[in-house]
Amino acid sequence: MSSLLLSRLSRLCLRKPPTLGVRHLVGARFLSETPLCHIYGAEHCGENWVDGDIGRLMITDFSGPSCWTRVLEKTVPMYMMAETGTMGASHGWVLTSKYGPYLSDDLNPGVSESDFSGIVLPDFETLPHCQTELVTNVAMSSSSPDDEDCILAVKFVGPQLSLCRPAEKNKKWVNIRIEDPAFFNSRVMYTKRDKKFAMPAYGGTHVGYWDLGENLEKPKLCRRGLYTPQLLQSEWEELDLCCTVEELVESRSTQEMFMIKRFRKRNNNKGGRMEEHQIWVFKQGLNRCNPLQWCYTTDIGDLCIFLSKSEPFCLKASSHQKCQNSIYFIDKSERGIFTLGGKCKTSNFSNFTAPYFIPPQSYLNANRSNPSNSP
C-alpha cells in the first residue's frame, strides 16, 4: 500500500523533459492559453522515472476557421494515449486510474509542465451489485477542481454514480445507487442553470437530476418525452439498425438545454467499424402549450456543439470562427462535423486514442465556480 501511495504522490513532482533532437523542436511551442482543440495523440520522445515512456502532446487546433495538428513542447505520459489510459475528462482535466483515481491537467495544452498539477482522489468504493472498473464519463461543476465548491461526478456503467469535492482536505466519495435501469448507461453532465448533475434516460423519455443536497438519494425526474421528426417507414427501418445514445448539453451563453440523440451504424464494408449515421437535436421551449417538452429542431442558431468522450459543451459559433448550427464530434475512430440545417455529415477516420475536445480559455474562465477567490 505504501509503494502504491508513493507512486501516486510522485505524479505531483515536476517532470523534466528529456533532451531532444532538433526535429522535435521545429514548430513546437507552448500555448499560454488553452485553445479550442482536441487531443490527437503523443509523439514518443523518451522516458522518465515517474511516468515511464513519455511523448510530446499532439493536438488538433480548432481555434481558427480551419484546423491543423501540431506537436507541442509539453510532454505527457504515453499510457494516457492507450485506450484504457484515461477514464473520462471535463474542462481539460482527465481522470486516470493507473495509480488509483487521479485528476490531472496533463492533456490541457494551455498548462505548462512547470505549472502541472494533479489531485489524488480516494479509492472508489463499490456499492453492492455495482462495479467501478468501467466508467461511462465524468463531469465537473466548475472548470477547476481547485475551486472549493467544485464537485466531480463519475458515472460508472451500471447503477453507480459517485460524487466528490476534489478541493476538500478530507476528500470522500458520496456514492449513489440509481434504481432506474434506464440510467445505467447514461452520460452525466452538469447544468449550471439548474445547479445539478443531469442524465437523460435511455430513449430520452425522461431526465434525472442529482446533487449533494435534496436530490442526493431521491433524484428529481422530469418526464417530458420527445417530439420526433416525421419520417418515411424506410427511414425508420434504417434507423432501427443503428445504436443510439442520448446526451445533454447546455449553452451557457443562452441558458438553453439541448438533448442530442446520436445514431451510429456498423459499416461492414470497412471492417465493421462504427460510423456516425444521424444526429438529432431536441430543444425545450418550442411548444407554447408545453414549454418543457423536448421538440426536434434543425436550427440552434449561432451555436455549435462539441461531442467527445469528454463532457460536452456548446459555444457561440461566430465568436470562435466555427460553423453555426453544427455539431462537431470525435470518437476513437471518427472525427467530423454534422450540419443540422442540411442534415449532412463530413468526417474522416483515424485512430484517436484520447478523443477529448477541450474548451477554449474563455469558456474555462467563465465556468470557474468562484473565480474571485481563485489565484
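Residues numbered from 1 in each chain as written. Predicted model: local features only at pLDDT ≥ 70, side-chain atom pairs only at ≥ 80, totals over all residues. Heavy atoms only, no water.

In the annotation of an unreviewed UniProt entry, the protein chain is listed under the name KIB1-4 beta-propeller domain-containing protein and assigned to Brassica campestris.

Draft legend 1. Spotlight on the overall build of the protein chain. Across its full length, the protein chain carries 4 helices and 26 strands. Per-residue burial over the protein chain gives 55% buried out of 375 residues. Residue pairs in contact within the protein chain that sit at least 24 positions apart in sequence constitute 52% of those at least 6 positions apart. Of the roughly 17,100 Å² of accessible surface on the protein chain, 51% is carried by carbon and sulfur atoms. (Helix = DSSP H or I, 4+ residues; strand = E, 2+ residues; numbered from the N terminus. Buried < 20%, exposed > 50% of the residue type's maximum accessible area, 1.4 Å probe, protein only. Contact = heavy atoms within 4.5 Å. Areas by Shrake-Rupley, 256 points an atom, 1.4 Å probe, with all protein chains shown as cover.)

Draft legend 2. Representation of the sheet that holds strand S3 (residues 68-77). Strand order in the open sheet made by the 4 strands is S3-S2-S1-S26, with antiparallel pairing throughout. The open sheet terminates on both sides in strands that have one partner only, identified here as S3 and strand S26 (357-358). Alignment of strand S1 (residues 37-48) against strand S2 (residues 52-61), held across 10 bridges, turns out to be antiparallel. Counterpart to Glu47 in the pairing with S2 is Asp53. (Pairing = 2+ DSSP bridges.)

Draft legend 3. Spotlight on the side chain of His206. Relative to the assigned elements, His206 resides in the loop between strand S13 (196-200) and strand S14 (207-210). Within polar-contact distance, the side chain of His206 engages the side chain of Asp180 at 2.9 Å. Polar contacts involving the side chain of His206 include one to the side chain of Thr205, which spans 2.8 Å. Filtering out sequence-adjacent residues up to four positions away, His206 remains in contact with Asp180, Ala182, Phe183, Met199, Pro200, Ala201, Leu221, Cys222 and Arg223. (Polar contact = N/O pair within 3.5 Å; in protein donor to acceptor, adjacent residues only side chain to side chain.)

Draft legend 4. Fine view of the pattern of salt bridges. All chains considered together, the criterion is met by 17 salt bridges. A salt bridge links Arg177 to Glu179, with the shortest nitrogen-to-oxygen separation between them at 3.6 Å. Overall, the relative accessible area of 33% leaves Arg177 in the partly exposed class. Here Glu238 makes a salt bridge to Lys265, at a shortest N to O gap of 3.6 Å. A residue pair is termed long-range when its members are at least 10 positions apart, and Glu238 in helix H3 (residues 233-239) and Lys265 in strand S18 (residues 256-267) qualify at 27 residues. We classify Glu238 as partly exposed; its relative accessible area is 33%. The structure contains a network of salt bridges with shared partners spanning Arg187, Glu247, Arg262, Arg264, Glu276 and Asp331. (Salt bridge = Lys/Arg side-chain N within 4 Å of Asp/Glu carboxyl O.)

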